[in-house]
Amino acid sequence: KEKMCRFTVYKGSPILLADLVLHPSRSVINQSYDCRERFPGMGCTFNADGFGVGWYTPSPTSGESLPSVFKSDRPAWSNDNLKTVANAVVSPLVFAHVRAATFGHGSVCELNCHPFCHGKLMWMHNGGIGEFAKVRRRMTDSVADPFFGVIKGTTDSECAFAVFLTNLSRIPGPHHPSDYVQAMKQTIRDIVRWCDEAGVKEWLLLNFAVSDGHTVVATRFAHNSGDYQASLYFSSGSSFRCLKDSEYVMENSGRSKAITIVTSEPLTEKARDWVPLPPNSLIVCTPDSNVLVLPMAADLGPVAPLLASAEHPPRPQSPIPGDTMGSPMRGLLNRGTSLFSIMDAPMCSARSSISSSCGSSGGGSIASPNACTPLQVLTGHTQSVVSFAVHNEFNQLFTAGLDQTLRVWDLITFRQVRVTHVALPVECIYVDESRDWLLVCTSDDIRVWGICTAFPELCRVPASPCKLFNMLMLDNALFAGGLDTRLHFVEVPAVIFTRGSSVAPELVNSPAITPDTDGQPTSPPTCPGVQWRFKEAHFGFIYALATVHLTRNQKLGGDDDDDEGQGEAEESQCSGEGEGVLLLTASGDGLIKGWAVPECGPLRPEDLRQTHTFAGHQSAVLDVAVGERGEATFYSASSDCTVRVWSVVRQSCLHILHHNNPLCSVVAEAQLLVSADCQGHLKVWSRSPHTLHNWFSAVAPLPYTRHEKRGDVVPSTCGRGGSCGGGAGHGVVFLALGHSADFILTSHRGGSGEEGPIRVWDIACVASTILASVGGTDFVGSSHRSMIALLSKFISFKSISSNPEHAKDCYNAAFFLKTVIERMIPCNVKLIKPSPSTNPVVFAQLKTSRADAPWVVIYGHYDVVDVNRGTWTTDPFEMAGRDGYYYGRGTTDDKGPIMAIIHAIFEIFEELKAGSQAADGTMANFPVNLLLAFEGAQETDSGGFTEACEGVQGWFSEVDRSRATILIINTYWLGDTRPCLVYGLRGLVEFEVAVSGPSRELHSGIDGGLVQEPMMDLVQLLATLAEPGGRLKIDGMYDRVAPISPSEDALYTNLHVEFSVDEYKASRGVAALALEPHRRSSSSNATSSSSSTSCSSSCSCGNVGGGLPALPSTCTVEEVKKVLQHRWRQPSLTIHGIQSSSSEFSLIPSRASALLSFRTVPAQRSEDLLRVVPVYLHRQFEHLGSSNVLSIEAVKSIDWWQGDPSNKFYKAMEKALTTVWHQRPLYIMEGGTMKNPLQGCLGAVPTLHLPLGQGSDCAHLPNERIRWENLVKGKYVIKEFLYNLGGEHTYAGSPIADRSATMDIGLRSRGQSGVFLPPLKALSSSGISPHG
């Protein structure tokens, strides 16, 4: 019986041969004994008559890729040498073939095994020439002499190869893809003609494949075979990898189709991954990874220039020295905000020169990209992001990753608000803003979600027959571009509209991630009666879809004048009533086509009429972007390294914008154009005229990890289970446009299996860099934007007050702060440095003209504690944004709050238009009087602050203490979700306790046991201070502890919503708390219980007459109350460390000391502890009977503080917090201690502690951070507080009379984008010095 060969062609990033020919369950080797697609009537499923594998490797001398071949006439499945070779060879282009000999077509021998080689060409064949003996002479007679020796065996395949070489030799070289196509088509025409002349009646099955190492051409052709053709499939994607065992998958993570496989039978079980090559057609894989599917009989037509110009891809270039930097885009910032989304792109060839009749833009010189830092980095996907889309009105980003999760991000707070497990590979997603739908195309279906808080899945539409790259909703029809080069469309059932209309759309604004209830997707019924339809559209993949709205009676066409002004004037006519819609499809064939879509009635393929063709690109068009509605101009990004500007009216190109690497994405907005290339370079252009403003790399290593990879895919010998084939992953892929925030979003692929962080770029920074350095740069932008830019600069000063080496950094930070206040707030500012050894203090005074206005004295500090860089995942002095947080030393303590204060005051001036001083130096309309004091030594006991205050004693004397409050922002929430107000702090008394003995260190072997050792005495002495449960034994320690009043006890009622005892223990890494006796054995139980001591009747701990009760693992309201009252309202002791005069193992130290701290509570007195602690220690030391000497030194003493939550200042702040956060704050105390340096200047003025940061902000610890939402809302809380103190009449009738409606989430107020900052004066470097 007749038999049939099988072959596989791989072109892409380097792959291990075993991952192509051995391991996949349907590999070509497995097909050698298990063929599933045979000629009708063929019973034999074996291809056991030999095999061959060919691959390309660079020549060690010339560097040119040459073919290497391994063949055998034995069955492939039993050849051990094949396994050895396949597990050792890595190549970007592979031919694999298993042979089934046919009677009359050659014997079983190695000479007849495929592939065949000549020079740099490889050839193989699946099929056969019927009655080959009749045409063999005609074929060999046509072969030119140089190629006659190619025929070494007896097969029809070798003869066909020799004919191909002859036809190719008639085309002058060097040869392009179009030359291989022309020679292949001529070869098939010749064979068909010779068979017809010879009267051959049997079938011709001519599935050929040829390659030169860069280009692949494969055919599927049949003659005299009826309806049957030998099978041939193709698939394309970004990676081909093993999931488990022999299960492989073709993955797509963006528009890039870095690899292509052409094979006789699919290599995997996923049917949608494989597209049958249409009968009598050919497929071309160009050097730049473009794929074209061409009918055999059709003329190349408009794609001929594309194939003729294809070159071998050179190494990516640095930026072309032809682009110019324009002036800062101030006009851009005057509009509402706008959002751009970008992802990664294919590795394609760069063109050294492009000829076109269109205009070009260029000139000037740029040596290197600008340094830009992401505003935020969004993490969460454990593998690469494959697609994302933006809902502009809701400010939401939807992302899908290879980890099969769908994630929702709030672009106001930069937080992830939802995770849905799709449990299937996602191909692409699309947001329909007109209906508030999210469409997610998976490998099984298209799922439609309603974008609202409930996030319901409305329906599932059956999947298209092949993979889809993109989707677009137009009226009630869903259009898509897929792997088979056709335009797919389906009419969406009315049932979805009914379901969708019943759900009220509202913003997902949950403070926590809200996944599906059961963690798995629900399964709504699939819509019945849905039928996909197809329109033959292009010769290449359809990479992008877009729509242009045109006037119906608009006259198309026009002259070729590329005057930009005239073109824009004509384009402006395409607006108004009676619009029509033009659907644009951009393809790998280098063409963009426009389709007229009927408005009503059932949509049929014949109803889609092609009305426009835009030709000119010399490679694949990967993206198109249309400006605002009514424009008839659009942009296209191509792998030929250009962005083209097209006029729909004229159907011609107006301008060409150049990159030096293949482009992948473009987005257009009212005044802005952003383009991205495959190397991750982004260019920002103005649209009128088309001028380059900036370019930068979006794939530089991220600042938030010291081990971040760039994402470049390096060829490697990957094994099973790894990434077996993938494209260049460090480019940018998709661009989407939004109108609600000034961001560019980028995500680049780091290779399959690696995470794909999304980077958020401030468009103002990349269009005109804000505050690039401390001096010499004016800046404009919204208050939110400048707050981040200024905070980032503020963090960069290493203002570590405990280290004298950073004295200059402290001064520079103070000078920077002074300058920012001067330029943002019209007030009096002073920088006072009391002495060379102290850090400066920055004061600012602002007085309102209102006689009865209250005074608010705001205190903060710009100094920070030292860092251990080895424990940080970021550079502590380079602020880095991640997942809605900003990381850096000082972000929450206390530089971030200082910036929030300054910007709150600035915004009040802008809103009330109170920017001019009166003749007496006061400010009209401002709600309160302000005095600001920001010191630089709070972390080191505020040295020099009192002396600095004397320098502005006049300002302090003007403060009316009867109407004043001190506002301190230097504390933190109890947890992470509820805002808090702090009404109390514990005090602190520190001692150093030392025991001295011998005059020198002694040897433990000689003197041990004979002398009384200071360390032993100290340890025994310290052991007498507290009981095992932590209760202090010092006489009188609890006598003055104030009981908790009923009103204060009521404040603890709701604290359980923010505090969990179990979570607290887990976060601290402890098994039990001090008030939970941790019993290890029965004997220890007896010992512990016997040592229990009763509390006095005046103690407020609730443990009169017995030991502290143990807590259950799950605490109730009462148990949480016990824990927190013990934490905040009970004194405690900490032993911070024990030091000795020697650390040698064999020596007895002559001196040992310990640092002790006691936390005091209301109404304890520090002077009492300074008296009773030394008395107690000396008495206990006497009981030891030691001859050593005990010394006790008081190191520090700070009193506790407790405010009055019922006073008007707390009530005004409570109202402000409730207004901004939409929930009442929790009243809490802090177990820590902070000195109030202003108490000496202002006396008993009421103090108010407002925490801005969350409980998990890690102040003083590694990876200190503050949440962006807290920073922005904190700014609004301060504003509202000042307004509340000033009275309602202060802002009645102002532009923010209804402020509560604009404070939903801080950034959500679009009106804020119109607030601008005054220019920052240049700061001379000579003005910044340690001595001023």
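Parameters and conventions
Residues numbered from 1 in each chain as written. Predicted model: local features only at pLDDT ≥ 70, side-chain atom pairs only at ≥ 80, totals over all residues. Heavy atoms only, no water. Helix = DSSP H or I, 4+ residues; strand = E, 2+ residues; numbered from the N terminus. Buried < 20%, exposed > 50% of the residue type's maximum accessible area, 1.4 Å probe, protein only. Contact = heavy atoms within 4.5 Å. Areas by Shrake-Rupley, 256 points an atom, 1.4 Å probe, with all protein chains shown as cover. Salt bridge = Lys/Arg side-chain N within 4 Å of Asp/Glu carboxyl O. Phe/Tyr/Trp six-rings, centres within 6.5 Å; stacked < 30°, edge-to-face > 60°. Pairing = 2+ DSSP bridges. Patch = residues over 30% accessible without salt bridge, like charges linked within 9 Å, V, L, I, M, F, W, Y side chains within 5 Å. Axes fitted to C-alpha atoms, helices over the stretch in contact; angles between N-to-C directions. Parallel < 35°, antiparallel > 145°, perpendicular 65-115°, else oblique. Left-handed = near helix turned anticlockwise from the far one by under 90°. Nonpolar A, V, L, I, M, F, W, Y, C, P; charged D, E, K, R; others polar. Core = buried A, V, L, I, M, F, W, Y, C linked by side-chain atoms within 4.5 Å. Expected span 1.5 Å × (residues − 1). Disulfide = S-S within 2.5 Å. pLDDT = per-residue confidence, 0-100.

## Some thoughts on the overall build of the protein chain
No. 1: Each helix and strand in the protein chain was counted, giving 27 helices and 64 strands.
No. 2: For the protein chain, buried positions account for 61% of its 1332 residues.
No. 3: Partitioning the contacts of the protein chain with sequence separation of at least 6, the portion at a separation of at least 24 is 72%.
No. 4: Taken as a whole, the protein chain presents about 48200 Å² of accessible surface, with 51% of it coming from carbon and sulfur.

## Looking at the pattern of salt bridges
No. 1: On inspection of all chains with the given rule, the structure shows 41 salt bridges.
No. 2: The partner of Arg 604 in a salt bridge is Asp 607, and the shortest N-O contact between them spans 3.1 Å.
No. 3: Overlapping salt bridges bring together Arg 138, Asp 190, Arg 193 and Glu 197 as one network.

## Overview of the packing of aromatic side chains
No. 1: Tallied over the entire structure, the rule returns 31 aromatic pairs.
No. 2: Summarising the aromatic geometry, the rings of Phe 479 and Phe 489 are spaced 5.9 Å apart at their centres and angled 35 degrees between planes, so their arrangement reads as tilted. In this pair, Phe 479 sits in strand 29 (residues 477–482) while Phe 489 sits in strand 30 (residues 486–491), placing the two residues ten residues apart along the sequence. We note that Phe 479, like Phe 489, is buried.
No. 3: Centre to centre, the rings of Tyr 885 and Tyr 887 are 6.5 Å apart; their planes meet at 55 degrees, and the pair counts as tilted. One exposure class covers both Tyr 885 and Tyr 887, and it is buried.

## As for the sheet that holds strand 3 (residues 65–72)
No. 1: Strand order in the open sheet made by the seven strands is 3-2-4-1-13-10-14, with antiparallel pairing throughout. One side of each edge strand has no neighbouring strand; the edge strands of this open sheet are strand 3 and strand 14 (275–276).
No. 2: The pairing of strand 1 (residues 6–16) with strand 4 (residues 90–98) spans eight bridges and is antiparallel. Its bridge partner lying in strand 4, Leu 16 is registered against Val 90.

## Quick look at a nonpolar patch on the surface
No. 1: Taken together, the side chains of Val 1019, Ile 1135 and Ile 1138 present a nonpolar region at the surface, about 230 Å² in accessible area.
No. 2: On the basis of relative accessible area, Ile 1138 is assigned to the partly exposed category, the value being 40%.

## Digging into the packing of helix 13 (residues 783–796) against helix 27 (residues 1268–1286)
No. 1: Between helix 13 and helix 27, the least distance of the axes is 12 Å, while the angle of their chain directions is 120 degrees. Between helix 13 and helix 27, the crossing angle belongs to the class labelled oblique. Of the two possible hands of crossing, helix 13 and helix 27 adopt the one that is right-handed. Facing Ser 783, His 784, Met 787, Ile 788 and Leu 791 of helix 13, the residues of helix 27 in contact are Trp 1268, Leu 1271, Val 1272, Lys 1275 and Tyr 1276.
No. 2: The residue makeup of the contact of helix 13 with helix 27, split by class, is seven nonpolar, two polar and one charged.

## Structural notes on unusual backbone geometry
No. 1: Residue Pro 115 is bonded to the preceding His 114 through a cis peptide linkage, with omega at -5 degrees.
No. 2: Note on placement: Pro 115 falls in the loop between strand 4 and strand 5 (116–118).
No. 3: Residue Pro 174 is reached from Gly 173 by a cis peptide bond, and omega for that bond is -5 degrees.
No. 4: With respect to the element layout, Pro 174 can be found in the loop between helix 6 (156–169) and helix 7 (177–198).

## Some words on the pairing of strand 34 (residues 592–596)
No. 1: The buried count for strand 34 comes to five of five residues, which makes it a mostly enclosed element.
No. 2: Residues Ile 592, Gly 594 and Ala 596 line one face of strand 34 and the alternating positions Lys 593 and Trp 595 line the opposite face, and both faces are buried.
No. 3: Where strand 34 meets strand 35 (residues 609–614), five bridges bridge the pair, whose relative direction is antiparallel. By the bridge assignment for strand 35, Ile 592 is matched with Phe 614.

## Examining the nonpolar core
No. 1: With 144 residues, the main nonpolar core has Ile 429, Leu 438, Ile 821, Phe 843, Leu 1250 and Phe 1281 as its most contacted residues.
No. 2: Counting residues in hydrophobic clusters, the runner-up holds 41 residues, among them Phe 208, Val 217, Leu 282 and Leu 292.

## Observations regarding helix 23 (residues 1117–1129)
No. 1: Over its 13 residues, helix 23 runs 17 Å from end to end, which matches the ideal 18 Å to within 8%, given 1.5 Å per residue.
No. 2: On its buried face, helix 23 is in contact with helix 20 (1046–1050), helix 21 (1061–1068), strand 61 (1201–1202) and strand 62 (1226–1230).

## Describing the sheet that holds strand 31 (residues 533–536)
No. 1: The sheet built from four strands is open, its strands ordered 28-29-30-31 with antiparallel pairing. A single partner strand is all that each edge strand has here, and the edge strands are strand 28 (468–474) and strand 31. Taken over all neighbouring pairs, the strand axes of this sheet differ in orientation by 25 degrees on average, direction set aside.
No. 2: Where strand 28 lies against strand 29, six bridges are found, and the strand directions are antiparallel. Looking across to strand 29, one finds that Leu 472 is bridged to Phe 479.

## Quick notes on the pairing of strand 21 (residues 396–401)
No. 1: For strand 21, a buried count of six out of six residues is recorded, marking the element as mostly surrounded by other parts of the structure.
No. 2: Of the two faces of strand 21, both are covered, the one formed by Gln 396, Phe 398 and Ala 400 as well as the one formed by Leu 397, Thr 399 and Gly 401.
No. 3: Looking at chain direction, strand 20 (residues 385–391) and strand 21 are connected through six bridges and run antiparallel. The residue of strand 21 that forms the bridge with Phe 388 is Thr 399.
No. 4: Joining the antiparallel neighbours strand 20 and strand 21 is a turn of four residues, in which Asn 395 adopts a positive phi near 55 degrees.
No. 5: In textbook terms, the turn of a hairpin is the stretch between consecutive antiparallel strands, and for strand 21 and strand 22 (residues 405–410) this stretch comprises three residues, one of which, Gln 404, has a positive phi near 65 degrees.

## Some points on the state of the cysteines
No. 1: With the rule as written, the count across this model stands at zero disulfides.
No. 2: With no disulfide of its own, Cys 949 lies closest to Cys 1241 among cysteine sulfurs, the gap being 3.5 Å.

## Regarding the environment of Glu 939
No. 1: Of note, Glu 939 is situated in the loop between strand 52 (929–935) and helix 16 (945–950).
No. 2: The spacing of Glu 939 and His 861 is 78 residues in sequence and 8.5 Å in space, taken between C-alpha atoms.
No. 3: Contacts of Glu 939, omitting those with residues within four sequence positions, involve Ser 801, His 861, Asp 863, Val 864, Val 865, Asp 893 and His 1260.

## Structural notes on the environment of Ile 966
No. 1: Tracing the backbone through its elements, the reader meets Ile 966 in strand 53 (residues 964–968).
No. 2: Considered as a pair, Ile 966 and Val 857 are 109 residues apart in the sequence and their alpha carbons are 4.7 Å apart.
No. 3: Those residues within four positions of Ile 966 in sequence are excluded, and the remaining contacts are Val 857, Asn 1236, Leu 1238, Leu 1242, Val 1245, Pro 1246, Thr 1247 and Leu 1248.

## Some words on the confidence of the model for the protein chain
No. 1: Confidence along the protein chain averages 79 in pLDDT terms, with 76% of residues attaining 70 or more.
No. 2: The low-confidence segment residues 704–730, where pLDDT is below 50, has 94 contacts with residues more than four positions distant or belonging to other chains.
No. 3: Every residue in residues 1288–1332 scores below 50 in pLDDT, and together they form 112 contacts with partners more than four places removed in sequence or on other chains.

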